[in-house]
Amino acid sequence: MDANSEMALREAEALKQFKDRVSDLLTTEDDHSLIKWLKARNYDDAKAEAMFRTSKAYREKMKVDTLLTEYEPPEVLAKYLTGGNCGHDKEGSPIRVELYGRLDMKGLMYSARKLDMEKVKLKQCEGHVQDWAKMSKELGRRVDGLTVIFDMDGVSSKMLWRPGLQMYLHLVRVLEDNYPEMLKRMFVINAPRIFPILYKICRPLISEDTKNKIHVLGSDYQDTLLKYIDAEELPGVYGGKKTDPDGNPRCETLILQGGPVPEEYYFKDVESAEHTETVTVARGDTFTVDVDVGKAGSVLRWEFKTDGFDIGFGVSRQDGGDMVVVIPVERVNSHIIPEDGSYSCDVAGKYTITFDNSYSKIRDKRLMYYVDVMSVDEQQADEPVDLAGYHGKE
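Counting from 1, residues in each chain are numbered in the order their sequence is written. In keeping with the model being predicted, local features are shown solely for residues with a pLDDT of at least 70 and side-chain atom pairs are shown and tallied solely at 80 or more, while totals for entire chains, interfaces and linings include all residues. Side-chain numbers come from the whole structure's heavy atoms, not from hydrogens or water.

- Per an unreviewed UniProt entry, the protein chain carries the name Retinal binding protein and comes from Ambigolimax valentianus.

What follows is the structure, given as C-alpha cells:
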C-alpha cells in the first residue's frame, strides 16, 4: 500500500470516529467540512471533537447564524475597521485585503466593545462561507478557502503596542477556532523592517498550519500576486486592473481604508493595560526607569497613564560618562488618554526613561507604567514562514 492510500485510510477512519463523537450536533455539515476540524487538530478525533463542541456553543452564544441578516456593527467599526473583499482568485476563492498599516487598533479598543469586534469578524467569515456556495454553483465545482493580501504599508514601531497586538491576535484565534482551514494563503506585502520583531511577538499565538500559509513578500510582490489572481480581480494599487468606478486604484468602495479613530468615538473612561506597575511621583521630583538594551536594532516600548494630571516624559541613553537625549522631556496629557510609544535603539547600552513631575509644586502624580524591550533573534532558520522576497521596507 502506497503512502497516499495509507493516508486516505487514516483519514477515513478518523472521520468515522469523529462523526460518531459529534453525531448529536451534526446538521448540514458534509464530510468535506468535517475533515477541516480533523486537519486543524492533526487528525486527533478527540481534540477535534472538543474544538467542534466549543465552536458550536460559541456560535450559539454569538448568534452567528443570523449575523449576516440581523447584526449591524457600531458606526466606529463600520468606518474604521480596515479591510474588505475585492474579488476572487484564479480558483474562485474570495480575496480579502487587510490594511494593517492603516488600522488604529488602540482607537478601536477605546471606542468599541471586544464583543462587537468579534461579531464583525465572524460576520465577515459567514460572508466567505456564503460566497463559497455561490461560486461553487457558478463554477460547477467546490470552491473553498480564502486568499488574503495583508498590506503592512504604513506600519511603524507604534504598532508594537502590546494590547493592540493581543487584541488582533485574539480575533485571529477566534476565526481559527471556528472556521478551521479557511485560510488558503496569505501574502504579507510591504513588510517593514520591524516585521521580524512583530512576528516574534505574534509567533507563539499563530498555529503551525497558519504559519505555513504565510508568504512574506516585502515590496516586490506584484508578479507573485498575479500568479494567483487575475489582473481584473486585483486592485490597481497592487499591480492589477481593478478600480473604483471613478478610477481609484485603492478600490475604496470595497476596502475600508481605516485611519485614526476620532476621539469623539472614545468611551468616556479608558483603562490602561493590566500589566502595568504603579508608583507615585512626588511633587517636585522625577521617577526614572533604567533599561539595558543588549542588542542594536532592539525596540524600546512603553505605555503609561496618570491619574488626574499630566506628567513629563523623556528618554536618554548613557554614552560613557554622559547622557545623550534620545527623546526630550515634554509634558504629555497621559491623564486624558493613555500614552504609548517606542524607539528603535540603533545603539546598544543603558537607556533611561524619565517621568518628570519637577514642575509641579503642589501635586503628587499617580503613575501606571509598563516598559519592555523587544529584540530580534539572530538565528531564525527554524521559522516556518516563507521569507522569500522579504527585504524589509523602511
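This is not the end of the story, as more comes after the structure.
1. Let's talk about the overall build of the protein chain
- Looking only at helices and strands, one finds eleven helices and 13 strands in the protein chain.
- With the C-alpha coordinates aligned to their principal axes, the bounding extent of the protein chain is approximately 75 × 50 × 45 Å.
- Think of it in three bands: with a 1.4 Å probe and only protein chains considered, a residue is buried below 20% of the maximum accessible area for its type, exposed above 50%, and partly exposed in between. For the protein chain, the proportion of its 394 residues judged to be buried stands at 48%.
- Contacts are assigned to residue pairs that have any heavy atoms within 4.5 Å of one another. Taking the intrachain contacts of the protein chain between residues at least 6 apart in sequence as the baseline, contacts between residues at least 24 apart amount to 80%.
- When the accessible surface of the protein chain is totalled, it reaches about 20000 Å², and 49% of it is carbon and sulfur.
- Counting 54 positive and 69 negative side-chain charges, the protein chain places the centres of these two groups 2 Å from one another. Each helix is a run of DSSP H or I of at least 4 residues and each strand a run of E of at least 2, with the numbering of both proceeding from the N terminus. Residue-level accessible areas treat just the shown protein chains as cover; the underlying method is Shrake-Rupley with a 1.4 Å probe. Counted as positive: Lys and Arg. Counted as negative: Asp and Glu. His and the chain ends are not counted at all. Throughout, a charge is located at the NZ atom of Lys, the CZ atom of Arg, the CG atom of Asp or the CD atom of Glu.

2. Some details on the nonpolar core
- We call a set of buried Ala, Val, Leu, Ile, Met, Phe, Trp, Tyr and Cys residues a nonpolar core when their side-chain atoms join them within 4.5 Å. Among the nonpolar cores identified, the biggest contains 55 residues, and Tyr 100, Leu 108 and Val 188 are the most heavily contacted of them.
- Beyond its immediate stretch of four places on either side in the chain, Tyr 100 contacts Phe 150, Asp 151, Met 152, Val 155, Met 159, Leu 165 and Tyr 168.

3. Comments concerning the sheet that holds strand β11 (residues 339–345)
- In this scheme, strands are said to pair when DSSP sees at least two bridges between them. Ordered by their spatial adjacency, four strands build an open sheet running β6-β13-β8-β11, and the pairing between neighbours is antiparallel. Both edges of this open sheet fall to β6 (277–281) and β11, since each of them pairs with a single strand only. On average, each strand axis in the sheet is tilted by 25 degrees relative to the strand beside it, whichever way the strands run.
- Pairing of β6 with strand β13 (residues 365–374) involves five bridges; the strand directions are antiparallel. Considered in β13, the bridge of Glu 277 is made with Tyr 369. Whenever a helix is involved, its axis is fitted only over the stretch in contact; in every case the axis is a line through C-alpha atoms, and angles between N-to-C directions fall within 0 to 180 degrees.

4. With respect to unusual backbone geometry
- You will see that Asn 42, though not glycine, has its phi angle at about 55 degrees, which is positive.
- Counting through the fold element by element, Asn 42 comes out in the loop between α2 (31–40) and α3 (45–62).
- For Cys 251, which is not a glycine, the phi torsion comes out positive at approximately 55 degrees.
- With respect to the helices, strands and loops of the structure, Cys 251 is situated in the loop between α11 (222–228) and β6.
- Take Cys 251: its relative accessible area is 0%, and that puts it in the buried class.

5. Some thoughts on the pairing of strand β2 (residues 94–99)
- Of all six residues that make up β2, six are buried, and the element is covered over most of its length.
- Going residue by residue along β2, you find Pro 94, Arg 96 and Glu 98 tucked away on one face and Ile 95, Val 97 and Leu 99 tucked away on the opposite face as well.
- Judged from the four bridges that link them, strand β1 (residues 84–88) and β2 form a sheet pairing that is antiparallel. Looking across to β2, one finds that His 88 is bridged to Pro 94.
- Hairpin connection of β1 to β2: five residues between the antiparallel strands, including Gly 92 at a positive phi of 95 degrees.
- Where β2 lies against strand β3 (residues 146–151), five bridges are found, and the strand directions are parallel. The residue of β3 that forms the bridge with Ile 95 is Thr 147.

6. Regarding the packing of helix α7 (residues 114–139) against helix α8 (residues 162–178)
- Two elements in contact, α7 and α8, have axes whose closest approach is 10 Å; the angle formed by their N-to-C orientations is 45 degrees. Classed by the angle they form, the pair α7 and α8 counts as oblique. Helix-helix and strand crossings are classified by hand; for α7 and α8 the assignment is right-handed. Residues Lys 114, Met 117, Glu 118, Lys 121, Leu 122 and Cys 125 of α7 pack against Met 167, His 170, Leu 171, Val 174 and Leu 175 of α8.
- When grouped by side-chain class, the residues that make up the contact of α7 with α8 number seven nonpolar, one polar and three charged. Here the angle decides the label: under 35 degrees means roughly parallel, over 145 means roughly antiparallel, 65 to 115 means roughly perpendicular, and every other value means oblique. Working rule for handedness: look at the near helix, and if it is turned counterclockwise from the far one by less than a right angle, call the crossing left-handed; if clockwise, right-handed. Under the convention adopted here, Pro, Cys and the residues Ala, Val, Leu, Ile, Met, Phe, Trp and Tyr are nonpolar, Asp, Glu, Lys and Arg are charged, and Gly plus all remaining residues are polar.

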